[in-house]
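# Remarks on the overall topology
Spelled out, the chains give:
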Number of protein chains: 2
Amino acid sequence: MSEKKVSAAVIRRLPRYFRYLGELLNQGIDRISSNELSERMGVTASQIRQDLNCFGGFGQQGFGYQVDFLYNEIGNILGVYNGYTVIIIGAGNLGRALANYRFFNREGYKIIGIFDNAQEVVGETIKDLTVLHVDALEQFMGQQQADIAILAIPRDTVPDIAEKLVKYGIKGLWNYSFAELSFDEPVAVENVHLSDSLMTLSYKVAQLEK
Amino acid sequence: MSEKKVSAAVIRRLPRYFRYLGELLNQGIDRISSNELSERMGVTASQIRQDLNCFGGFGQQGFGYQVDFLYNEIGNILGVYNGYTVIIIGAGNLGRALANYRFFNREGYKIIGIFDNAQEVVGETIKDLTVLHVDALEQFMGQQQADIAILAIPRDTVPDIAEKLVKYGIKGLWNYSFAELSFDEPVAVENVHLSDSLMTLSYKVAQLEK
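Quick caveat: nothing in here was measured; it's all calculated off a predicted structure. (Residues numbered from 1 in each chain as written. Chains lettered and ligands numbered in written order. Predicted model: local features only at pLDDT ≥ 70, side-chain atom pairs only at ≥ 80, totals over all residues. Heavy atoms only, no water.)

## Some thoughts on the relation of the copies chain B and chain A
Think of it as a corkscrew move, a rotation about one axis and a shift along it, taking one chain copy to the other. With an RMSD of 0.0 Å, chain B superimposes on chain A once it is rotated by 180 degrees and translated 0.0 Å along the axis. Those values place the two copies in the arrangement expected of a two-fold rotation axis. Taking C-alpha positions as the reference, the residue of chain B nearest the rotation axis is Asn93(B), at 2.4 Å. A high fraction, 100%, of the interface residues of chain B reappear at the interface in chain A, so the copies pair face to face through one surface. (Least-squares fit on C-alpha atoms with pLDDT ≥ 70 in both. Contact = heavy atoms within 4.5 Å.)

Here's what the structure looks like:
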């Protein structure tokens, strides 16, 4: 597998392929033609062929894609099976919702810590984990390797915590705040802007009304 | 304003422009060149010029974009100012997190109802709203116009509730479950797949390790 050749545009589409292929596996479907996959995903068959050609090895032409093979290949590229450990910063509603997000358990991500700065929350148990005070982060990170931190805290508290996390060796930040983050250190950042999706929805609703 | 000319690809980028322009307004910046905006957004200046040309009327060349004008134009197209009313189905952690999402209040969206099927939650107050039983949905929708419903409930309960909501006249569904929804009726659906963003992050983390 030569991952180096995969373009950024293809990478952006991979999580969607992974999702659809996972659905097919759940339904017990082990082969699918690019036309069928195209119809289900709303992407052209030629786009799919072009994207998936980056990975090679689908069996013979005319027999379609081997679903489990492709699913695993794409999962590998996305690092889904790398066993990344995750900590959640913020034990509010969003942090709790994410702690209970089934995707983590179904795939290879493992939540190993939940932190908050509110004394009334520290010590509480969420998903078998005792909520720790954020002041314990440095010690925690010295003892356990957390790869990814979920930032589920108010925007104004994000830059300070994020900087500390990077200093303590975090590799990826999954940022739910509107705070823009950038670092000199090599850290992966993925910002989630739920409002973008809401605005897309409201655009679609507005179009319906025309 | 002739919105009809705006392509689907441009529409997908609009929420991001709206966000960045909002940031600029917050910072008291009232004019920006396409080069500056390009640098901040990580999009080429020519892409920005091309996208924003769809809206016309930025003042003279060489003087950059007038931030508040563009912000309002884009907000209009996205339906942000249409005063859409929103109900939340599911008063669990995700539903509560979304009820407290500041974007709703800052922009023109108004949450007018929260529903759950658990008796221990019904009657509770969240953001000045009393949680109602989902069985009260039909009556509620007969009395008040809810435009958008947020589906913050488990996947297996989604299809049934979604079908009812459509029957009661909902126009848009913001779906946080993995359930795939499609309707014969004209309903706007926007699916949020947080896992796509997590996988993109884990891809970036995996790349760092190379």
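Additional details are given in the paragraphs that follow.
## Looking at the packing of helix H1 (residues 8-26) of chain A against helix H3 (residues 45-53) of chain A
For any two helices packed against each other, one specifies the inter-axial angle together with the distance between the axes. Residue and element names in this part refer to chain A. Between H1 and H3, whose axes approach to 11 Å, the crossing angle comes to 105 degrees. Between H1 and H3, the interaxial angle falls into the category roughly perpendicular. Contacts between H1 and H3 involve Val 10, Arg 13 and Tyr 17 from the former and Gln 47, Ile 48, Asp 51 and Leu 52 from the latter. By residue class, the composition of the contact of H1 with H3 is four nonpolar, one polar and two charged. (Axes fitted to C-alpha atoms, helices over the stretch in contact; angles between N-to-C directions. Helix = DSSP H or I, 4+ residues; strand = E, 2+ residues; numbered from the N terminus. Parallel < 35°, antiparallel > 145°, perpendicular 65-115°, else oblique. Nonpolar A, V, L, I, M, F, W, Y, C, P; charged D, E, K, R; others polar.)

## A short note on the interface of chain B and chain A
Facing the 59 residues of chain B at the interface are 59 residues of chain A. Both sides together, the interface formed by chain B and chain A hides about 5400 Å², and carbon and sulfur atoms give 64% of it. When the buried surface of chain B facing chain A is broken down by residue, Arg19(B), Leu198(B) and Met199(B) rank first, second and third, together holding 13% of it. Among the ionic pairs, Arg19(A) bridges to Asp196(B), the shortest N-O distance being 2.7 Å. Taken together, chain B and chain A are joined by 26 residue pairs in polar contact (both at pLDDT 80 or more). Those elements that place two or more of their residues in the side of chain B that touches chain A are helix H1 (8-26), helix H5 (93-99), helix H6 (102-106), strand S9 (172-175), strand S10 (188-191) and helix H9 (194-208) of chain B. Top element by residues in the side of chain B that touches chain A is H9(B). It accounts for 15 residues. When grouped by side-chain class, the residues that make up the side of chain B that touches chain A number 33 nonpolar, 11 polar and 15 charged. (Buried area = accessible area lost by both parts, 1.4 Å probe. Salt bridge = Lys/Arg side-chain N within 4 Å of Asp/Glu carboxyl O. Polar contact = N/O pair within 3.5 Å; in protein donor to acceptor, adjacent residues only side chain to side chain.)

## Some points on the domain arrangement of chain A
By the assigned domains, chain A splits into domain 1 (8-77) and domain 2 (85-196). Taking only C-alpha atoms, the centre of domain 1 of chain A and the centre of domain 2 of chain A are 32 Å apart. (Domains from an automatic or database assignment.)

## As for the pattern of salt bridges
Per the stated rule, a full pass over the model turns up 16 salt bridges over all chains. The shortest N-O distance in the salt bridge between Glu209(A) and Lys171(B) comes to 3.0 Å. Residue Glu209(A) is located in the segment after helix H9 (194-208), and its partner Lys171(B) is located in the loop between helix H8 (158-167) and S9; the two belong to separate chains. Take Lys171(B): its relative accessible area is 22%, and that puts it in the partly exposed class. In this structure, the salt-bridge partner of Lys171(B) is Asp147(B), at a minimum N-O distance of 2.9 Å. Here Asp147(B) lies in the loop between helix H7 (137-143) and strand S8 (148-151) and Lys171(B) lies in the loop between H8 and S9, a separation of 24 residues in the sequence. A cluster of three or more residues bridged by salt bridges with shared partners is formed by Asp147(A), Lys171(A) and Glu209(B). (Buried < 20%, exposed > 50% of the residue type's maximum accessible area, 1.4 Å probe, protein only.)

## Observations concerning the packing of aromatic side chains
Scanning the entire structure with this criterion turns up 10 aromatic pairs over all chains. Aromatic rings pair up to connect Tyr101(A), Phe103(A) and Tyr109(A) into one cluster. (Phe/Tyr/Trp six-rings, centres within 6.5 Å; stacked < 30°, edge-to-face > 60°.)

## Digging into the environment of Glu124(A)
Residues and elements named next belong to chain A. Note on placement: Glu 124 falls in the loop between strand S4 (110-116) and strand S5 (125-126). When the C-alpha atoms of Glu 124 and Ala 91 are compared, they prove to be 9.5 Å apart, with 33 residues separating the residues in sequence. Excluding anything up to four places from it in sequence, Glu 124 contacts Arg 96, Leu 129, Thr 130 and Val 131. Polar side-chain contacts of Glu 124 include one of 2.7 Å to the side chain of Arg 96.

## A few points about unusual backbone geometry
All names here are of chain B. Positive phi, normally seen in glycine, also occurs at Lys 127, with a value near 50 degrees. Topologically, Lys 127 is positioned in the loop between strand S5 (125-126) and strand S6 (129-130). One non-glycine residue, Asp 128, lies in positive phi territory at about 70 degrees. Looking at the element boundaries, Asp 128 is found in the loop between S5 and S6.

## With respect to the packing of H1(B) against helix H4 (residues 67-77) of chain B
Residue and element names in this part refer to chain B. One can describe the packing of H1 onto H4 by two numbers: an axis separation of 9 Å at closest approach and a directional angle of 140 degrees. Crossing of H1 over H4 shows left-handed handedness. In this structure, H1 contributes Ile 11, Leu 14, Tyr 17, Phe 18, Leu 21, Gly 22, Leu 24 and Leu 25 to the contact, and H4 contributes Val 67, Asp 68, Leu 70, Tyr 71, Ile 74, Gly 75 and Ile 77. A per-class count over the contact of H1 with H4 returns 12 nonpolar, two polar and one charged. (Left-handed = near helix turned anticlockwise from the far one by under 90°.)

## A look at the sheet that holds strand S8 (residues 148-151) of chain A
Ordered in space as S7-S4-S3-S8-S9-S10 (chain A), the six strands form an open sheet in which the pairing is parallel. Taken across any chain shown, the strands that pair with only one partner, and hence form the sheet edges, are strand S7 (132-133) and strand S10 (188-191) of chain A. In the sheet, strand S3 (residues 85-89) of chain A pairs with S8(A) via four bridges, with the strands oriented parallel. Paired with Ile89(A) across the bridge in S8(A) is Leu151(A). Running over the sheet, helix H8 (residues 158-167) of chain A touches S3, S8 and strand S9 (172-175) of chain A and is turned about 175 degrees from S8(A). Sitting on the sheet, H9(B) is in contact with S8, S9 and S10 of chain A, with an inclination near 165 degrees to S10(A). (Pairing = 2+ DSSP bridges.)

## Some details on the pairing of strand S4 (residues 110-116) of chain B
Residues and elements named next belong to chain B. Most of S4 is tucked away, with six of its seven residues classed as buried. Taken together, the five bridges between strand S3 (residues 85-89) and S4 define a ladder with parallel strand orientation. Within the sheet, the bridge partner assigned to Ile 87 lies in S4 and is Gly 113.

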